[in-house]
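Working through the structure, step by step
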Amino acid sequence: MGTIIYLLFMIVVGAIIGGVTNFLAIKMLFHPYHPIYVFGKQLPFTPGLIPKRREELAEQLGKMVVEHLLTPEGIRRKLMESEWMNGVVEQVRQFVKTWLSRGQTVREFLEQMGIRKPEELIRTKAAQWLDKAYEQWMEPIRSKAIRDVFPDEVQKKMETRIGDLANYIADRALDYFQSEEGKQRIAKMIDEFFSGRGMLGNMLQMFLNNANLVDKVQPEIIKFFRHSGTRELFAQLLFNEWNKLTSHPFAVVEELIGKERIRQSFHRLVIGAVERDDFLARPLADFIAPYQERIMDEWIPKAVAAGGRWISGQVEMIIERLQLADIVRSEVESFSVERLEEMILAISRREFKMITYLGALLGGIIGFFQGIIGLWL
C-alpha cells in the first residue's frame with residue numbers, strides 16, 4: 001500500500017512540476033512586460049521573450065509578408081485571374097450606373113472636383129485653346145500662296161464658278177441696260193460725254209438728237225453683253241484677277257481682315273455657342289447617354305484589362321514604393337505588448353493549454369519512472 005501511495009505521490013509531483021513549468025514558460029513569452037531590476041541588476045529573462053524581441057519580430061514579420069505572402073508573382077497572378085477581372089468590371093459598371101443615376105450636372109461635377117466658377121474657367125481655357133490652335137494652324141501657312149492653302153478640289157470648284165460669275169455679271173448688266181433705268185443711265189452718260197466736249201459737243205448733240213442717239217446706243221450695248229465673246233472676256237479678266245489674288249501669301253488675308261478680329265470672331269463663335277447651349281446646367285448623363293452601351297460593354301472591360309496589365313508590370317515598383325516590409329514592421333512595433341499577447345492567445349489559446357497539459361502528462365510519467373527507480377534502488 002505504501003508503494004502505491006509513493007508512486008502516486010511521485011506522479012502528482014511530476015505532473016505539477018511539468019504543468020507548472022510549461023505554464024510558466026508560456027507566460028514568460030509575454031511576461032514581464034518590462035525589465036525588472038534588483039539592486040541595480042536586471043533579472044534574467046526579464047522582460048519576456050516577445051517584449052524583448054519585439055523589434056526583431058516586427059522586422060521578420062515584414063520580411064515574411066513581402067517575401068512569402070504578398071509576392072509580386074502572387075499579386076500578378078491574382079490580377080490576371082478572369083474571375084477577379086470580371087468582378088472588377090462589374091464593380092466599375094455598377095459605380096458608373098450609380099454615378100449617372102444621380103443626375104449630377106456638369107457644373108456640380110466640376111465644383112465637386114474643386115473647380116470654382118466653371119464658367120469663367122471654360123471661357124479662359126477656351127480662349128487660350130483657340131489662340132493656340134489658331135497660331136498652330138496659321139504659322140505654317142502664312143508664307144504659303146493662297147492657292148496652296150486650299151485643297152485642289154476647292155481650287156477647281158472656284159475656277160468653275162468664275163465662268164458662272166462672268167455669266168451672272170453679264171446677265172445682270174443686260175437686265176439693267178434693258179430696263180428704263182438703264183436707258184436713262186445711257187442718256188445721262190451721253191449728256192455727260194457731250195457736255196465735256198465744250199461747244200463742239202453741244203453742236204453735235206443738237207444735230208444728232210439725244211433721244212435718237214440713246215435708241216441707237218442701247219441695242220449695241222445689249223448686243224455687247226449678249227455676245228459670247230463678252231462673257232469670255234469677263235471670265236478671262238476674273239480668272240486673271242483670281243490668279244493674282246491667290247498668288248499672294250496667305251498672310252495678306254490675315255492682314256486684310258485683321259488678326260485680332262479673326263481671333264475675336266473665333267472666340268465669339270465658340271464661346272457663344274457654349275454659353276447658349278448652357279451645357280454646364282445639363283446632367284452628365286445627357287452627354288454620356290449616346291455612348292453608355294458602348295462604355296459598359298467595350299470601354300470598361302478594355303480599361304480594366306489595360307489597368308490590370310499596367311499594374312502587373314509595375315508590381316515590383318509599387319511594392320518597393322509602398323515599402324510593405326516597413327509598414328508591417330512599424331504596425332507591429334506600434335502594438336502594445338498586451339495587444340500582441342491578446343492576438344497570439346486568441347489564435348493559440350487551445351494549443352497553449354494542450355502544451356500545459358502535455359507538460360503535466362510528461363511530468364507525471366517522469367515522476368512514475370522516478371518512483372520506480374527510487375523503489376528499485
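Because the structure is predicted, anything quoted here is derived from the model rather than measured.

Rules used in this analysis
- Residues numbered from 1 in each chain as written.
- Predicted model: local features only at pLDDT ≥ 70, side-chain atom pairs only at ≥ 80, totals over all residues.
- Heavy atoms only, no water.
- Helix = DSSP H or I, 4+ residues; strand = E, 2+ residues; numbered from the N terminus.
- Buried < 20%, exposed > 50% of the residue type's maximum accessible area, 1.4 Å probe, protein only.
- Axes fitted to C-alpha atoms, helices over the stretch in contact; angles between N-to-C directions.
- Parallel < 35°, antiparallel > 145°, perpendicular 65-115°, else oblique.
- Contact = heavy atoms within 4.5 Å.
- Nonpolar A, V, L, I, M, F, W, Y, C, P; charged D, E, K, R; others polar.
- Phe/Tyr/Trp six-rings, centres within 6.5 Å; stacked < 30°, edge-to-face > 60°.
- Salt bridge = Lys/Arg side-chain N within 4 Å of Asp/Glu carboxyl O.

**Some remarks on the environment of valine 252**
You can see valine 252 is positioned in helix 14 (residues 251-257). Residue valine 252 is classed as partly exposed on the basis of its relative accessible area of 34%. Between the C-alpha atoms of valine 252 and glycine 182, which are 70 residues apart in sequence, the distance is 37 Å.

**Regarding the packing of helix 4 (residues 72-80) against helix 17 (residues 292-313)**
The interhelical angle for the contact between helix 4 and helix 17, taken along N-to-C directions, is 175 degrees, at an axis separation of 9 Å. Considered as vectors, helix 4 and helix 17 are oriented roughly antiparallel to each other. Together, Arg76, Leu79 and Met80 of helix 4 and Gly308, Arg309, Ile311 and Ser312 of helix 17 make up the contact between the two elements. The residue inventory of the contact of helix 4 with helix 17, partitioned by class, reads 3 nonpolar, 2 polar and 2 charged.

**Things to note about the packing of aromatic side chains**
The geometry of two aromatic rings is summed up by the distance between their centres and the angle between their planes. For the structure on display, the rule yields 5 aromatic pairs. An angle of 15 degrees between the planes, with centres 5.6 Å apart, marks the rings of phenylalanine 177 and phenylalanine 225 as stacked. In this pair, phenylalanine 177 sits in helix 9 (residues 152-178) while phenylalanine 225 sits in helix 12 (residues 210-226), placing the two residues 48 residues apart along the sequence. We classify phenylalanine 177 as buried; its relative accessible area is 16%. Note on phenylalanine 224 and phenylalanine 225: the rings are 5.3 Å apart at their centroids and 75 degrees apart in plane angle, and the pair reads as edge-to-face. With a relative accessible area of 42%, phenylalanine 224 lands in the partly exposed category. A relative accessible area of 11% places phenylalanine 225 in the buried class. Of the aromatic side chains, those joined through ring pairs into one cluster are Tyr176, Phe177, Phe224, Phe225 and Phe234.

**A closer look at the pattern of salt bridges**
Under the defined criterion, the tally for this structure stands at 10 salt bridges. Note that glutamate 81 is salt-bridged to lysine 78, the shortest N-O span being 3.5 Å. Overall, the relative accessible area of 35% leaves glutamate 81 in the partly exposed class. In this structure, glutamate 241 and lysine 244 form a salt bridge, with 3.8 Å as the shortest nitrogen-oxygen distance. Placement of the pair is glutamate 241 and lysine 244 together in helix 13 (residues 228-246), with a separation of 3 residues, close to one helical turn.

**Describing the side chain of threonine 105**
Inspection of the secondary structure puts threonine 105 in the loop between helix 5 (82-101) and helix 6 (106-112). If sequence neighbours within four positions are ignored, threonine 105 has contacts with Leu280, Ala281, Arg282, Pro283 and Leu284.

**Description of the packing of helix 4 against helix 5**
With their axes 5 Å apart at the nearest point, helix 4 and helix 5 run at an angle of 60 degrees to one another. On the basis of the axis angle, helix 4 is oblique to helix 5. Within the contact between the two elements, helix 4 uses Lys78, Leu79 and Met80 and helix 5 uses Ser82, Trp84 and Met85. The residue inventory of the contact of helix 4 with helix 5, partitioned by class, reads 4 nonpolar, 1 polar and 1 charged.

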